[in-house]
Amino acid sequence: MLDTAKLGQFVGQVWNDSIVPTLVDYIRVPNKSPAFDPDWAAHGHMEAAVAMFERWARDRLTALPGAILEIVRLPGRTPLILIEVPGKGAETVLLYGHLDKQPEMVGWAEGYGPWIPRLEGDKLYGRGGADDGYAMFAALTALAGLREQGVPHARCVILIEACEESGSYDLPYYVEHLSARIGSPSLVICLDSGCGNYDQLWLTTSLRGIAAGTLTVRILEEGVHSGDASGVVPSSFRILRQLLSRLEDDATGAIRPAALYAQIPAERVEQAKRAATALGDSTYSKFPFAPGAGPMADDPTELVLNRTWRPQLAITGIDGLPQPGDAGNVLLPYTTAKLSLRLPPTLDAESAGKILQRLLEDDPPYGAQIGFAPQAASAGWNAPALARWLEQSLARASEAAFGAPPAYMGEGGSIPFMAMLGERFPQAQFVVTGVLGPHSNAHGPNEFLHIPTGRRVTQVIAQVLADHHESGTR
């Protein structure tokens, strides 16, 4: 029987004495994902992060007899950390995390920065601590906590990749390469998701897919004087707006094509209602709205469903426009926009990308040159129904670690690894959770890790691993 109080003390000490100091050093390393640092191999930051993780892990493996750690390297691909920890019984658990990071972004507060670790109370600021540097440390600490009490667990395989923020395009090759060593896990634990608040355990029930790319509108070979040409030559920016209106209702933000929607399962609607009740106004108040600005709807349930099951468009970049201080009276020759279309979890991403391309390129206004260059099409994921033992385990673990019942909600982002594993291991149970809660601002400025939530999630994972083994012996 697992002593949860003793487990909590053990986990808290490891976090305070070892995990947080190591994450402070890790935040200093600008190990940007390959999509944001094509010369990552030459720069050496990824190798520095891998070496840091390896050192920490090897020091802990002495408490896990028979454990093996290997840095796996396939030619031309980012490295992967593989850790195998022996266990009892015939089953396998796969635990996942990543160590690559998003780029810097602008807007960090004075004295803060992506590579400047800053510890303030319960928060550790800087890029990557919460997304998703803590995962390996939490996984190994959970296992060590069980071993300290002599509580059995199944064989565990830990995978820490270095390409997640680029879409995990290297990971399928590693999973195939290591298929014999991974085996067929009956439980998959992913620690790279979010939480609606810091008061209870949050389980991710679904992830949206994504279809992204750049849309370019070219109307001229070179810029011309706006006084001479406006009224004769259409604005490339206006044509861009016109094309985007084919996709999105500019008054409501609703995506227009019915083919880009999917039926929302009744269970997910009910979970969204319960999550909205738990979150209340924090469904939207967690975001840094400008004074006087507000959300797209007043009903928290509708907002939860918008961000988890409905398609939504974001324009994440634009080119062809000079800075305002450099802008003369010139009609611009082209405008390019980066489009990020979030897709319902069960919608086929490749098909959605083709719909998007046809919608934008067909029948170009004024005969303008229109080009949509697809850049990413990642499938979403909808979790299988929870086994009874797992549902009970999560409820017990959340009460023990957080003092509150768990909550279930989809996430609006994408974790490509989950869709791939869901397809590869259709019989597996999934626990997808994380520490990215209100104001933690993953991918943006002032990102932080909420340390108490990291500790509590670690404790939860230990409980689930213990219950997983127990469920297989009944």
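So, how was this worked out
Residues numbered from 1 in each chain as written. Predicted model: local features only at pLDDT ≥ 70, side-chain atom pairs only at ≥ 80, totals over all residues. Heavy atoms only, no water. Helix = DSSP H or I, 4+ residues; strand = E, 2+ residues; numbered from the N terminus. Contact = heavy atoms within 4.5 Å. Areas by Shrake-Rupley, 256 points an atom, 1.4 Å probe, with all protein chains shown as cover. Lys, Arg positive; Asp, Glu negative; His and termini not counted. Charge placed at Lys NZ, Arg CZ, Asp CG, Glu CD. Disulfide = S-S within 2.5 Å. Patch = residues over 30% accessible without salt bridge, like charges linked within 9 Å, V, L, I, M, F, W, Y side chains within 5 Å. Salt bridge = Lys/Arg side-chain N within 4 Å of Asp/Glu carboxyl O. Pairing = 2+ DSSP bridges. Axes fitted to C-alpha atoms, helices over the stretch in contact; angles between N-to-C directions. Parallel < 35°, antiparallel > 145°, perpendicular 65-115°, else oblique. Left-handed = near helix turned anticlockwise from the far one by under 90°. Nonpolar A, V, L, I, M, F, W, Y, C, P; charged D, E, K, R; others polar.

Once that is clear, we can look at the overall build of the protein. Looking only at helices and strands, the protein features 15 helices and 18 strands. Referenced to the eigenvectors of the C-alpha coordinate spread, the extents of the protein come out at roughly 80 × 50 × 45 Å. Of the contacts made within the protein by residues no fewer than 6 positions apart, 80% connect residues no fewer than 24 positions apart. Of the roughly 20100 Å² that the protein leaves accessible, carbon and sulfur atoms contribute 51%. Measuring between centres, the 38 positive side-chain charges of the protein sit 4 Å from its 52 negative side-chain charges.

Below, the discussion takes up the state of the cysteines. Following the criterion strictly, the structure yields zero disulfides and no others. Cys190 provides the cysteine sulfur closest to Cys156, a residue in no disulfide bond, and the two sulfurs are 15 Å apart. The closest cysteine sulfur to the non-disulfide-bonded Cys190 is located on Cys195, 13 Å from its own sulfur.

The subject of this paragraph is a nonpolar patch on the surface. A contiguous nonpolar patch, built from Phe237, Ile318 and Leu321 and spanning about 250 Å² of accessible area, is present on the exposed surface. Structurally, Leu321 is set in the loop between strand E11 (312-319) and strand E12 (330-331).

Strand order in the open sheet made by the three strands is E15-E8-E16, with mixed pairing throughout. A strand with exactly one partner marks an edge of an open sheet, and here the two such strands are strand E15 (381-382) and strand E16 (407-411). Summarising the sheet, strand E8 (residues 202-207) and E16 pair through four bridges and their orientation is parallel. Counterpart to Trp202 in the pairing with E16 is Ala407. Running over the sheet, helix H9 (residues 266-279) touches E8, E15 and E16 and is turned about 135° from E8.

Axis separation between helix H8 (residues 236-247) and helix H12 (residues 349-361) bottoms out at 9 Å; the angle between their running directions is 135°. Considering the angle they form, H8 stands oblique to H12. Crossing handedness for the pair H8 and H12: right-handed. In contact with Leu243, Arg246 and Leu247 of H8, H12 contributes Leu356, Leu359 and Leu360. The residue makeup of the contact of H8 with H12, split by class, is five nonpolar, no polar and one charged.

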